[in-house]
Amino acid sequence: MEAGIGSLTRLGESAIDVTLVVVEPTPRSIDVARRGLHVADERGQGRVVIVANKISDDADRQRIIGAFGDRPTVFVPEDPAIDAADRRGTSPSDDAPDAPGVQAIEHIIDGLGLPDAVRG
Amino acid sequence: MKIAVVGKGGSGKTTTSAVLARGLARHGHRVVALDCDTNPNLGLSLGVGDRETQRLVTLREQVGESDTEHAVSWAEILDTYGTDAPDGVRLSVITRIENPEPG
Amino acid sequence: MTGSRRLRVAFVGKGGSGKSTISGSFARLLARRGEPVLALDSDPLPGMPYALGVAIDDGPIPDDVVVEGPEGGPRWVLDPRCDADAVIEQYAATGPDGVKYLQFGNLWGHASTLQRAQHAWSQVVREVDPDRWHLVGDLPGGTRQAMFGWARYADTVCVVVEPTAKSLHAAARLLNLSTATWAPHHLVIVANKVTDPAEIEAIGARLGRPVASGLPLDAALADGDRLGTAPLDVAPNGAFAHGVEALIDHVESLDYPRDMREPS
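Since we're looking at a predicted model, the values are computed, not measured. (Residues numbered from 1 in each chain as written. Chains lettered and ligands numbered in written order. Predicted model: local features only at pLDDT ≥ 70, side-chain atom pairs only at ≥ 80, totals over all residues. Heavy atoms only, no water.)

A. Looking closely at the overall build of chain A. Secondary structure summary: chain A contains six helices and three strands in total. Evaluated residue by residue, chain A yields a buried proportion of 51% over its 120 residues. Expressed as a percentage of contacts within chain A between residues at least 6 apart in sequence, the contacts between residues at least 24 apart total 58%. On chain A, roughly 5100 Å² of surface is accessible, and the fraction owed to carbon and sulfur atoms is 48%. (Helix = DSSP H or I, 4+ residues; strand = E, 2+ residues; numbered from the N terminus. Buried < 20%, exposed > 50% of the residue type's maximum accessible area, 1.4 Å probe, protein only. Contact = heavy atoms within 4.5 Å. Areas by Shrake-Rupley, 256 points an atom, 1.4 Å probe, with all protein chains shown as cover.)

Below is the structure:
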């Protein structure tokens, strides 16, 4: 999606099964996420999961819980391996598949309720 | 299942989308990653590299310039404006999500 | 500052690169030099108020001073009884350093809810007295709004880039603004969140033009971000603030032909 929530406002109703709202523990990011939530709820874009990103300590966790405590939330730790991949323009899934941030993002899958895929 | 990822610029939308797509594919799911950003760079986080990411942008820019807005199928979009990323993820760059007719 | 020359500068770049942080600080530091500064925020998810220290981040120009435009003209125009000066006077918020802050409102639902306010905002930007105000603008992250000409009020456009591949991608595309019919007179590369001078070199090499200004990664700013405290209030004498001061000096030192001041 495009930065912000523009693309979400242009989607048809119920086009999406799950909306992941990625949010950093800063007031500004939380503000944008609140808007994303509002649009997702308003337009019926499926289940909403908060992805709290770049979480470095308990104060960060509390900032997210304070804003979205009633929503299912996945916490992703601040992870230098992801920052390093970002600088290089490479995939964290290749560079650091076992890094805590990568692992936490992959855990989102467990909550999606997908049927087991047939492994080729 | 269709999953949308939203958030402030720089919050980690692209990284989250890419790692999730790769993870789903590794679990054996068939995954299409759609880049709906007007400045598409999902390819970088998926691991297709700078050149290939840039090639998809250029392809899409050419679509923008020609005025022939014909209805194209999903298959055509994935084929023409897409590329294969690791783990079997198919990446496609699309201008606007509501444009294409479902195939 | 030479004569009555006012700056007209806008900041573009990938989301999260630091546009709002830099543009807001730029506006404040310029205002602290005793200059009249109008901060222009065209981001419907505004970040500039955080850097400016303006409390209100949802202050669109109200619909009731916007009326339907004339046949063949813009769809919405300011009520003829209300001009650019009056709008700034009445509806721009005032920051702690005296910066006037004008935004076109916050996006909550569909973008159409902002149509009237956005038209009015654009009209104010077109009609504002260029000899009265320095204009310091912040665009939304990404390339879209910039490509549609929303920075055309600026004769200097600062492309903010952090040393990541994605930010460089966005910056490389934004340099295409130089080919627009309304291209700014100067495109200035501002490297942000720099941890090593070699990164500045690399950014310049990748973009094919020199980096005018390098601003350091500052942990204090990240802490301020989490607390919602403006960079200049977190570290008023830090390396970031000094870097923005130097950027102001740089933008002031650029050469502007007289005709750039004429309305198009």
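There's more to say after this.
B. Structural view of the packing of helix α6 (residues 100-107) of chain A against helix α1 (residues 13-26) of chain B. Following both chains from N to C, one finds α6(A) and α1(B) inclined at 70°, their axes separated by 9 Å at the closest point. The angle between α6(A) and α1(B) falls in the class roughly perpendicular. Pair α6(A) / α1(B) crosses with right-handed handedness. Taken together, the residues of α1(B) that come into contact with α6(A) (itself represented by Val102(A), Ile105(A) and Glu106(A)) are Thr15(B), Thr16(B), Val19(B), Leu20(B), Gly23(B) and Arg26(B). Looking at the contact of α6(A) with α1(B) residue by residue, the class counts come to four nonpolar, three polar and two charged. (Axes fitted to C-alpha atoms, helices over the stretch in contact; angles between N-to-C directions. Parallel < 35°, antiparallel > 145°, perpendicular 65-115°, else oblique. Left-handed = near helix turned anticlockwise from the far one by under 90°. Nonpolar A, V, L, I, M, F, W, Y, C, P; charged D, E, K, R; others polar.)

C. Spatial organisation of the side chain of Arg226(C). Structurally, Arg226(C) can be placed in helix α8 (residues 219-227). In this structure Arg226(C) comes out as buried when scored by relative accessible area, which is 16%.

D. Expanded view of the interface of chain A and chain B. Contacts between chain A and chain B engage 44 residues on the former and 35 residues on the latter. With both sides pooled, the region where chain A packs onto chain B buries about 3700 Å², and carbon together with sulfur makes up 62% of that total. At the surface where chain A touches chain B, the tally comes to two salt bridges. Put simply, Glu106(A) and Arg26(B) hold a salt bridge, and the shortest N to O gap is 3.9 Å. Between the two partners, chain A and chain B, sit 12 residue pairs in polar contact (both at pLDDT 80 or more). For the side of chain A that touches chain B, the secondary structure elements donating two or more residues are α1 (6-10), β1 (18-23), α2 (27-42), β2 (47-55), α4 (80-88), α5 (92-95) and α6 of chain A. Top contributing element to the side of chain A that touches chain B by residue count: β1(A), with five residues. Residues that form the side of chain A that touches chain B fall into these classes: 24 nonpolar, nine polar and 11 charged. (Buried area = accessible area lost by both parts, 1.4 Å probe. Salt bridge = Lys/Arg side-chain N within 4 Å of Asp/Glu carboxyl O. Polar contact = N/O pair within 3.5 Å; in protein donor to acceptor, adjacent residues only side chain to side chain.)

E. Summary view of the interface of chain C and chain A. Contact with chain C, which involves 25 residues of that partner, is made by 25 residues of chain A. Surface buried jointly by chain C and chain A totals about 2000 Å² across both partners, of which 51% is contributed by carbon and sulfur atoms. Connecting chain C to chain A are five salt bridges. For Asp60(A), the salt bridge identified is with Arg226(C), shortest N-O distance 2.8 Å. Our enumeration of links across chain C and chain A arrives at nine residue pairs in polar contact (both at pLDDT 80 or more).

F. Structural view of the confidence of the model for chain C. Per-residue confidence for chain C gives a mean pLDDT of 90, with 93% of residues at or over 70. Confidence drops under pLDDT 50 across residues 259-264 of chain C; counting only partners more than four residues distant or on other chains, this segment forms seven contacts. (pLDDT = per-residue confidence, 0-100.)

G. A look at the pairing of β1(A). Among the six residues of β1(A), six are classified as buried, and the element is accordingly described as predominantly covered. Of the two faces of β1(A), the one holding Val18(A), Leu20(A) and Val22(A) and the one holding Thr19(A), Val21(A) and Val23(A) are both buried throughout. Relative to strand β1 (residues 3-7) of chain B, β1(A) runs parallel, the two being bridged by five bridges. Bridge assignment links Leu20(A) to a residue of β1(B), and that residue is Val5(B). Taken together, the six bridges between β1(A) and β2(A) define a ladder with parallel strand orientation. In the sheet register, Val18(A) faces β2(A), and the bridge partner there is Arg47(A). Crossover β1(A) to β2(A) through α2(A) is right-handed. (Pairing = 2+ DSSP bridges. Right-handed = clockwise from strand over helix to strand, strands pointing away.)

H. Here's a closer look at unusual backbone geometry. Here the phi dihedral of Lys54(A) falls at roughly 60°; this positive angle occurs in a residue that is not glycine. Among the secondary structure elements, Lys54(A) is positioned in strand β2.

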